[in-house]
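Results of the structural survey
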Amino acid sequence: MSTPVFEQTQVTNPTYDDFTIEDLFPYEEPTDKNTRAHIVNPPMNKHIDPKQEMNPQDIVDTARLQRLELVALCGYKWVPKLNPDKLDVCPACMKIAEQLMAENGE
Ligand SMILES: [Zn+2]
């Protein structure tokens, strides 16, 4: 009696891990030149990351995916959807970020 031979076929279903968030949720191009890219830090966004385990990029990505409001260093609140690479950084956020870095000795 011969044993049946099963063909080894590998099913490669694309999983979520095969895509970046950029592929799934591409950034919108900013249309307003006055829009600024704001800087976030984890302590001000505990509503997104209660355990304070994420880095700022993860927090922004989570906010984009779940349509949550972010709080910027300058206090500005918004739901991220624009491409921050195409925006100038908010001067108020930059100033606060520099102060924080100076306090941390970076
Ligand atoms: Zn700002």
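Residues numbered from 1 in each chain as written. Predicted model: local features only at pLDDT ≥ 70, side-chain atom pairs only at ≥ 80, totals over all residues.

The subject of this paragraph is helix α2 (residues 56-66). Taken as a whole, α2 has its buried residues at I59, V60 and A63. One face of α2 carries all of its buried residues, which in axial projection span an arc of 100 degrees. Projecting away from the buried face of α2 at angles above 90 degrees are the exposed residues Q57, L65 and Q66. Those residues of α2 hidden inside the fold are in contact with β2 (70-71). Looking one or two residues past α2, R67 carries a phi angle of roughly 55 degrees, positive in sign. (Buried ≥ 20, exposed ≤ 12 C-beta atoms within 10 Å, placed from the backbone. Helix = DSSP H or I, 4+ residues; strand = E, 2+ residues; numbered from the N terminus. Arc of directions from axis to C-beta. Contact = placed C-beta atoms within 7 Å.)

Another aspect to go through is the nonpolar core. Judged by nonpolar contacts, I39, V40, I48, I59, V60, A63, L70, V71, A72 and C93 together constitute the single largest core of 10 residues. In terms of residue count, the dominant contributor to this core is α2 (three residues). Not counting chain neighbours up to four residues away, the residues in contact with V60 comprise V40, L70 and P80. (Core = buried A, V, L, I, M, F, W, Y, C linked by C-beta atoms within 7 Å.)

Right, let's get into the environment of L70. Checked against the element boundaries, L70 lands in strand β2. As a C-alpha pair, L70 and K46 span 24 residues in sequence and 9.8 Å in three-dimensional space. Once residues within four sequence positions are removed from consideration, L70 is found in contact with V40, N45, V60, A63, K77, W78 and P80.

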